[in-house]
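Survey of secondary and tertiary structure
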Amino acid sequence: MARPDLNLLLALDALLAEGSVIGAARRMNLSPPAMSRTLSRIREALDDPVFVQVGRKLMPTPKALALREQVRMAVEQATQVFEPGTGIDLKSLDRRFNVRATDEFVSIHLGHLLGAMAVDMPRAMLRFSPEEDDVDEEALRSGRIDLFISASRKLGPEIRVQSLFTTTFVGVARTNHPIFDDEITPERLTRWEHVNVSRRGKSVGPVDTALEALGLRRHVALVVPSPYTALFALQDSDLLLPLPKHLASSARAAGLRIRLFDLPTPLETVLLTQAWHPRLDSDPAHQWLRQTIHALCNEDAAQAAKRTRT
């Protein structure tokens, strides 16, 4: 079957709307003779006169009248494809986003993000994929993940990166831990065993580098992939846990019997970013996800600044 000439659809819509060859020609930026030739092609394609001459006017045939609404809708839908941001109805979109994100982002912003999705993109789904041994930028390139939220790191030159918020590390222990009985010094920090959070099973982190500079070393007795496992491990032990402040504060607000303390070996501020592959730059649904996440993080930062001022 020969592929239909979709230009005939546009011309038929113009003819039905204008009711004359001259009017349709003006709308299509064609000469009247060219429009007349196009009408001849439409008649041949539909095997119908489409319009008949009545006096000085063209009158649509019954078949043309029956096609009027279908033609109008088809032209409108085709036009929307080339109008940025209007080609997709987010409210009816079935979409799954594969996201790789830090537990800190999940604990702080996931509830608000899901609330926004329920309003603007209710049929979409978030799927948080675990950190794996694959390279993060390769996962973005291959499409295994759509968005990567993590501490700032070097990615491929083509990967798009946007800053979200900053955080610092604090120490966490059970409420009545003996470390609170005296000043917390670097030496006392190493007196008790530690738990380390690493999805890849690492037992060392920034704390170890800071302690090593002072000639000290901590003993990591437990390595877990999730901060939630680590937080529950603190409840009935003397373990100590370095953790991002936002995440630790959220756990305390949730009712866990923990207490936060400033590390005696301050660590550098950590910048969290979101990253994606440029093929998703203009995707309306992905744009909505990125913009919403960025707005949530900015709102949280603004509220934190306000609390600091007051």
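Conventions used here
Residues numbered from 1 in each chain as written. Predicted model: local features only at pLDDT ≥ 70, side-chain atom pairs only at ≥ 80, totals over all residues. Heavy atoms only, no water. UniProt positions renumbered as here; feature names shortened; annotations may be inferred. Helix = DSSP H or I, 4+ residues; strand = E, 2+ residues; numbered from the N terminus. Buried < 20%, exposed > 50% of the residue type's maximum accessible area, 1.4 Å probe, protein only. Contact = heavy atoms within 4.5 Å. Lys, Arg positive; Asp, Glu negative; His and termini not counted. Charge placed at Lys NZ, Arg CZ, Asp CG, Glu CD. Salt bridge = Lys/Arg side-chain N within 4 Å of Asp/Glu carboxyl O. Pairing = 2+ DSSP bridges. Domains from an automatic or database assignment. Axes fitted to C-alpha atoms, helices over the stretch in contact; angles between N-to-C directions. Patch = residues over 30% accessible without salt bridge, like charges linked within 9 Å, V, L, I, M, F, W, Y side chains within 5 Å. Areas by Shrake-Rupley, 256 points an atom, 1.4 Å probe, with all protein chains shown as cover. Arc of directions from axis to C-beta. Polar contact = N/O pair within 3.5 Å; in protein donor to acceptor, adjacent residues only side chain to side chain. Expected span 1.5 Å × (residues − 1).

Under the annotation held in an unreviewed UniProt entry, the chain carries the name DNA-binding transcriptional LysR family regulator and is attributed to Pseudoduganella flava. Here is the UniProt Sequence similarities (unreviewed entry) comment for the chain, exactly as written: "Belongs to the LysR transcriptional regulatory family."

From N to C terminus, the chain includes eleven helices and twelve strands. Taken over the C-alpha atoms alone, the chain extends approximately 105 × 40 × 30 Å along its principal axes. Burial status across the chain gives 41% buried among its 310 residues. Residue pairs in contact within the chain that sit at least 24 positions apart in sequence constitute 72% of those at least 6 positions apart. Averaged over its 39 positive side-chain charges, the chain has a centre that lies 6 Å from the centre of its 38 negative ones.

Quick look at unusual backbone geometry now. Unusually for a residue other than glycine, aspartate 47 sits at a positive phi of about 55 degrees. Among the structural elements, aspartate 47 can be located in the loop between helix H3 (32–46) and strand S1 (51–54). Phi angles above zero are rare outside glycine, and valine 50 is one such case at about 70 degrees. Inspection of the secondary structure puts valine 50 in the loop between H3 and S1.

So, about the pattern of salt bridges. Applying the stated criterion across every chain yields a total of eleven salt bridges. Between arginine 141 and glutamate 158 there is a salt bridge whose closest N-O contact spans 2.4 Å. Linking arginine 141 in helix H6 (residues 136–142) with glutamate 158 in the loop between strand S5 (147–151) and strand S6 (160–167), this pair joins segments that are 17 residues apart in sequence. When its relative accessible area of 27% is taken as the criterion, arginine 141 is described as partly exposed. Across the pair aspartate 238 and arginine 174 runs a salt bridge, and its minimum N-O distance is 2.4 Å. Placement of the pair is aspartate 238 in the loop between helix H9 (227–234) and strand S10 (241–244) and arginine 174 in strand S7 (residues 169–174), with a sequence separation of 64 residues. Under the relative-accessibility criterion, arginine 174 is labelled buried at 15%.

The next subject is the pairing of S5. Most of S5 sits inside the fold, with four of its five residues counted as buried. Bridging between strand S3 (residues 96–101) and S5 involves three bridges; their strand directions are parallel. Its bridge partner lying in S5, valine 99 is registered against leucine 147. Pairing of S5 with strand S12 (residues 270–276) involves four bridges; the strand directions are antiparallel. Bridge pairing links alanine 151 to leucine 272 in S12.

Here we come to the domain arrangement of the chain. Split into domains, the chain comes out as domain 1 (6–81), domain 2 (90–167 + 270–308) and domain 3 (169–262). Put simply, the middle of domain 1 and the middle of domain 2, counted by C-alpha atoms, are 47 Å apart.

Moving on: the sheet that holds S12. What the five strands build is an open sheet, ordered S4-S3-S5-S12-S6; its pairing is mixed. Looking at which strands have only one partner, the edges of the open sheet turn out to be strand S4 (125–128) and S6. Strand-to-strand twist across the sheet, computed as the mean angle between neighbouring axes with direction ignored, equals 25 degrees. Judged from the seven bridges that link them, S6 and S12 form a sheet pairing that is antiparallel. Within S12, the residue paired with serine 163 across the bridge is threonine 273. Together, S3, S4, S5, S6 and S12 form the strand contacts of helix H5 (residues 103–120), whose direction differs from that of S4 by roughly 165 degrees.

This next bit is on the environment of serine 203. By secondary structure assignment, the location of serine 203 is in the loop between strand S8 (194–197) and helix H8 (206–213). In the structure, serine 203 is positioned 19 residues away from leucine 222 in sequence and 8.1 Å away in space, judged by C-alpha atoms. With near-sequence residues (within four places) excluded, serine 203 lies in contact with Asn196, Asp208, Arg218, Val220 and Val223.

A contiguous nonpolar patch, built from Val52, Val54 and Met59 and spanning about 230 Å² of accessible area, is present on the exposed surface. Looking at the element boundaries, methionine 59 is found in strand S2 (residues 57–60). Residue methionine 59 is classed as partly exposed on the basis of its relative accessible area, which comes to 39%.

What follows concerns H9. Since there are 3.6 residues in each turn of an α-helix, residues three or four apart along the chain are aligned in direction. For H9, every residue scored as buried is listed here: Pro227, Ala230, Leu231 and Leu234. Angular distribution of buried residues about the axis of H9 spans 100 degrees; they occupy a single face of the element. For H9, the N-terminal cap is serine 226; the gap from its side-chain oxygen to the backbone nitrogen of tyrosine 228 is 3.1 Å.

Attention now moves to H5. An ideal rise of 1.5 Å per residue puts 26 Å on 18 residues; H5 measures up with 24 Å between its terminal C-alpha atoms. Considered for burial, the residues of H5 that qualify are Asp103, Glu104, Phe105, Ile108, His109, Leu110, Leu113 and Met117.

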